[in-house]
Amino acid sequence: MQQFLQKLKTQPVMSGTSTGQAFWHSSAEDRLFDSHSPVDGQLMARIYPTTREDYDQVVETARAAFREWRMVPAPRRGEIVRQMGDQFRHYKKDLGTLVSYEMGKSLQEGMGEVQEIIDICDFAVGQSRQLYGLTMHSERPDHRMYEQWHPLGVVGIISAFNFPVAVWSWNAMLAWVCGNVCIWKPSEKTPLTALACQQIIKDVLEQNEVPEGVSCLITGGPETGSWLAEDQRIALVSATGSTRMGKAVAKTVAGRLGRYLLELGGNNAIIISQHADLNVAIPAIVFGAVGTAGQRCTSTRRLIIHESIYEDVKQRLVKAYGQLRIGNPLDETNHVGPLIDQAAVAGYQSALFQIKEQGGRLLIDGEVLEGPTFESGCYVRPAIAEMPEQSEIVQHETFAPILYLLKYSSLEEAIELQNGVPQGLSSSVFTLNLREAERFLSAAGSDCGIANVNIGTSGAEIGGAFGGEKETGGGRESGSDAWKSYMRRQTNTINYGTKLPLAQGIKFEL
Ligand code: NAD
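The numbering scheme is per chain: residues are counted from 1 as the chain's sequence reads. Whole-chain, interface and lining totals are the exception, using all residues; otherwise, since this is a predicted model, local features are given only for residues with pLDDT of at least 70 and side-chain atom pairs are given and counted only at 80 or more.

Caption draft 1: Molecular detail of the overall build of the protein. Every helix listed is a DSSP run of H or I at least four residues long, and every strand listed is a run of E at least two residues long, numbered separately from the N terminus. If you tally the helices and strands in the protein, you get 15 helices and 23 strands. For 510 residues, the compact-globule formula gives about 24 Å, and the C-alpha radius of gyration of the protein, at 25 Å, lands near that figure. In terms of overall dimensions, the protein has C-alpha extents of about 80 × 60 × 40 Å along its principal axes. A total of 510 residues make up the protein; the buried ones form 51% of that total. When contacts within the protein are restricted to residue pairs at least 6 apart in sequence, those whose partners lie at least 24 apart make up 73%. With C-alpha atoms as the basis for the radius of gyration, the globule rule is written as 2.2 Å multiplied by the number of residues raised to the power 0.38. Counting other C-beta atoms within 10 Å of a residue's own tells you its class, since 20 or more makes it buried, 12 or fewer makes it exposed, and anything in between is partly exposed; those C-beta atoms are placed from the backbone. Contact definition: two residues whose C-beta atoms, as placed from backbone geometry, lie within 7 Å.

Written out as structure tokens, the structure reads:
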């Protein structure tokens, strides 16, 4: 790990493309930004943000690469992605450790994130041979109709800090097998993991003589992201982050009639029915609420509990929370690591204040932990609050480990509460009652992009389409037919006859 970090530190941090070309401008020197680890507060690196001039050069290099890459057979592109997957297998421990140190999630989760990259590489390899279009029967004699899918061009990927590498890979691996080129703008809070990914795939790109510009990285904050949104040359902007960011990106991209794919905030609930198996439900709730210190888009934030078992669930949760170990996420015996930064801690404290103001009662009060091993100031105690209703603070995604408890008496009421927030990402019901489970999954049930039975809200497999409705943005990434978002559909009609029959029987005679 140290060696790996050292290697990264001694590499110039730059905007550029993955096979070596880099664009430097000394004017950026005065805008260097620091990357601190939330684990121990140490300065990890000082990063050069991409200048506007650099950015333009990166986009032009990417555009030139696209002209070549789009003509490489898709299975051949898949083979290159397969080799990337092998590189990530090789560096799994190193990259997983860096993810853990830079972002603050547990080592297990850091490695799990790299596993997601490996999995999506495998998925994309198979997909590269399955970019299927349909054929249709023409209404005209001696005609053939079919549709095919072509790549879009330059795909801009804006990613959030909490999944610093997996979200990029969901986008990039599929975008590449589809024939696109990618420009990645990672979160300004986790730039090193992004740089590490570029380094890891560099050799594969070089060895396969992939044109310069197929994989590009730009660094910086919201302003850098907004360049992608404004830029007519970016065919698709895939943005993952807060709803606030998504609304800004959507407005800008829509203003130029461009394409966007949004993966935004969640406010995920679990319904605990009186027919639930609590031995399965309790660990799912606790992992969902405190895993990644409540900083997953799919974290469990609301618990809607049947009134007949409310007290029992409450007691079991308080007991389970009492066993949580909070501390350095690189120590595998700890369950909960730090929040990403001081701003996140301030957001957590503000939410605790609002809970009380809005009539909530804290069953487990939150606090910012101090003392040895907590020097970064980013470690907080996971809290549980009983809420009288789904008040303003419950409607809002606070990116921290705070769990709200609500009571219900009928399943209809529970589903109404579950759906009664602006976000629509992940949802679950715990029940052994078939009618309840099916009702929850029906058109009259959950309104989320993800609806589960007897598993929690958090953590998804790459094989399914991932994303959510309403303020979560409506995008779908990863598995199923998400690849279609990275391609344009073309309908082709071919006349192999000697006449020119027109559609709808129209006659046009000269
Ligand atoms: P954020 O919105 O602050 O930043 C995300 C990215 O957007 C960063 O790269 C940032 O620089 C960029 N950005 C911010 N404002 C921008 C603008 N106006 N124009 C262009 N780019 C801009 O989010 P965050 O704090 O990094 O991440 C946490 C949020 O991400 C949570 O809301 C979480 O639910 C969400 N998230 C969603 C998913 C999902 O798949 N639905 C996955 C991960 C995270």
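Caption draft 2: Summary view of the site of the ligand. All residues are tested the same way: a C-beta atom is placed from the backbone, and lying within 6 Å of a molecule or strand makes the residue near it. In the vicinity of the ligand there are 30 residues, among which Ala160, Gly225, Gly241, Glu263 and Cys297 approach most closely. Contributing elements (two or more residues each) for the shell around the ligand: α8 (222–230) and α9 (243–255). For the purposes of this description, domain bounds are those given by an automatic or database domain assignment. The residues that make up the shell around the ligand include at least three from each of domain 1 (2–11 + 28–264 + 473–490) and domain 2 (268–462).

Caption draft 3: Local environment of α8. Within α8, the full set of buried residues consists of Thr224, Gly225, Leu228 and Ala229. Each buried residue of α8 lies within a common arc of 150 degrees when the element is viewed along its axis, so the set occupies one face. At its buried positions, α8 is contacted by β7 (154–158), β8 (181–185), β10 (234–240) and α9. To be clear, the arc concerns the directions from the helix axis to the C-beta atoms.

Caption draft 4: A look at the UniProt feature "active site" (unreviewed entry) in the protein. Those residues carrying the UniProt feature "active site" (unreviewed entry) are Glu263 in this numbering. Relative to the helices and strands, Glu263 is located in strand β11 (residues 259–263). Residue classification places Glu263 among the buried residues on the basis of 30 C-beta atoms within 10 Å. Excluding residues that lie within four positions of it along the chain, Glu263 makes contacts with Thr240, Gly467, Gly473, Gly475 and Glu477. UniProt positions are given in the numbering used here, feature names are shortened, and annotations may be inferred rather than shown by experiment.

Caption draft 5: Quick peek at the sheet that holds strand β13 (residues 300–306). One bridge is not enough; two strands pair if DSSP finds at least two bridges between them. Taken together, 7 strands build an open sheet; the order of strands is β14-β15-β16-β13-β12-β18-β19 and the sheet is mixed. The sheet terminates laterally at β14 (361–364) and β19 (450–453), the two strands that pair on one side only. When strand polarity is set aside, the average angle formed by the axes of neighbouring strands in this sheet is 25 degrees. Both strand β15 (residues 383–386) and strand β16 (residues 402–408) contribute to a ladder of 4 bridges, which runs parallel. Counterpart to Ala385 in the pairing with β16 is Tyr404. Interaxial angle, 0 to 180 degrees, is taken between N-to-C directions of lines fitted to C-alpha atoms, where a helix line uses only the stretch in contact. Against the sheet, helix α11 (residues 310–322) engages β12 (268–272), β13, β14, β15 and β16, with an angle of about 55 degrees to β14. Set on the sheet, helix α14 (residues 411–419) makes contact with β12, β13, β16 and β18 (426–430); between it and β16 the angle comes to about 150 degrees.

Caption draft 6: Geometry of the packing of helix α5 (residues 107–127) against helix α6 (residues 166–177). In contact at an axis separation of 9 Å, α5 and α6 are set at 15 degrees when each is read in the N-to-C sense. Here α5 lies roughly parallel to α6, going by the angle between them. Our pair here, α5 against α6, has a crossing hand that is right-handed. Residues Glu113, Glu116, Ile117, Ile120, Cys121, Ala124 and Gln127 of α5 form the contact with α6, whose own contacting residues are Ala166, Ser169, Trp170, Met173, Leu174 and Val177. The residue makeup of the contact of α5 with α6, split by class, is 9 nonpolar, 2 polar and 2 charged. What sets the label is the angle itself: under 35 degrees gives roughly parallel, over 145 gives roughly antiparallel, 65 to 115 gives roughly perpendicular, and the rest give oblique. By the definition used in this description, the sense in which the near helix is turned from the far one sets the handedness, with an anticlockwise turn below a right angle giving left-handed and a clockwise turn giving right-handed. Classes in brief: Ala, Val, Leu, Ile, Met, Phe, Trp, Tyr, Cys and Pro nonpolar; Asp, Glu, Lys and Arg charged; the others, Gly included, polar.

Caption draft 7: A look at the domain arrangement of the protein. Entries for the protein in the domain assignment read domain 1 (2–11 + 28–264 + 473–490) and domain 2 (268–462). The distance between the C-alpha centroids of domain 1 and domain 2 comes to 30 Å. Contacts between domain 1 and domain 2 engage 22 residues on the former and 18 residues on the latter. Mapped by element, the contributors of at least two residues to the side of domain 1 that touches domain 2 are α4 (92–103) and α5. The dominant element in the side of domain 1 that touches domain 2, judged by the number of residues it contributes, is α5, at 7 residues. Looking at the side of domain 1 that touches domain 2, its residues break down into 8 nonpolar, 8 polar and 6 charged.

Caption draft 8: Expanded view of the nonpolar core. With 133 residues, the main nonpolar core has Leu174, Cys182, Ile183, Val237 and Leu303 as its most contacted residues. Among the elements that take part in this core, α6 stands out by supplying 10 residues, more than any other. Counting only domains with at least three residues in this core, you end up with domain 1 (2–11 + 28–264 + 473–490) and domain 2 (268–462). Filtering out sequence-adjacent residues up to four positions away, Leu303 remains in contact with Ile270, Ile272, Ile285, Leu403, Tyr404, Leu405 and Leu406. Core analysis: the next-biggest nonpolar cluster, separate from the first, contains 6 residues, Cys297, Cys448, Ile450 and Ala460 among them. What makes a nonpolar core is a set of buried Ala, Val, Leu, Ile, Met, Phe, Trp, Tyr and Cys residues, with links drawn between C-beta atoms within 7 Å.

Caption draft 9: Up close: unusual backbone geometry. Backbone geometry at Glu209 places phi at a positive 50 degrees, although glycine is not the residue there. Along the polypeptide, Glu209 turns up in the loop between α7 (191–207) and β9 (215–217). Classification of Glu209 as exposed rests on a count of 8 C-beta atoms within 10 Å. Unusually for a residue other than glycine, Ala293 sits at a positive phi of about 50 degrees.

Caption draft 10: Expanded view of the sheet that holds strand β23 (residues 487–495). An order of β5-β6-β23 is seen for the 3 strands of this open sheet, with the pairing classed as antiparallel. The strands lining the two open edges of the sheet, one partner per strand, are β5 (135–136) and β23. Of the strand pairs in this sheet, strand β6 (residues 143–151) and β23 are connected by 9 bridges, and their pairing is antiparallel. Bridging from a neighbouring strand, Tyr146 pairs with Asn492 of β23.

Caption draft 11: Main features of the environment of Val253. Tracing the backbone shows Val253 in helix α9. Residues Val253 and Gly288 lie 35 residues apart in sequence; the distance between their C-alpha atoms is 33 Å. Residues within four places of Val253 in sequence aside, it is in contact with Ala229, Val237, Gly258 and Tyr260.

Caption draft 12: The arrangement of helix α12 (residues 342–357) in detail. By definition here, a helix of n residues has an expected span of 1.5 Å times n minus one. Under the 1.5 Å per step criterion, the end-to-end length of α12 is 23 Å for 16 residues, consistent within 8% with the ideal 22 Å. Those residues of α12 hidden inside the fold are in contact with β14, β15, α13 (392–395) and β16. Just downstream of α12, Gly359 is the residue with a positive phi angle, here 85 degrees.

Caption draft 13: Representation of the environment of Glu102. Along the chain, Glu102 turns up in helix α4. A tally of 28 C-beta atoms within 10 Å means that Glu102 is categorised as buried. As for Glu102 and Ser35, which are separated by 67 residues in sequence, their C-alpha atoms are 8.1 Å apart.

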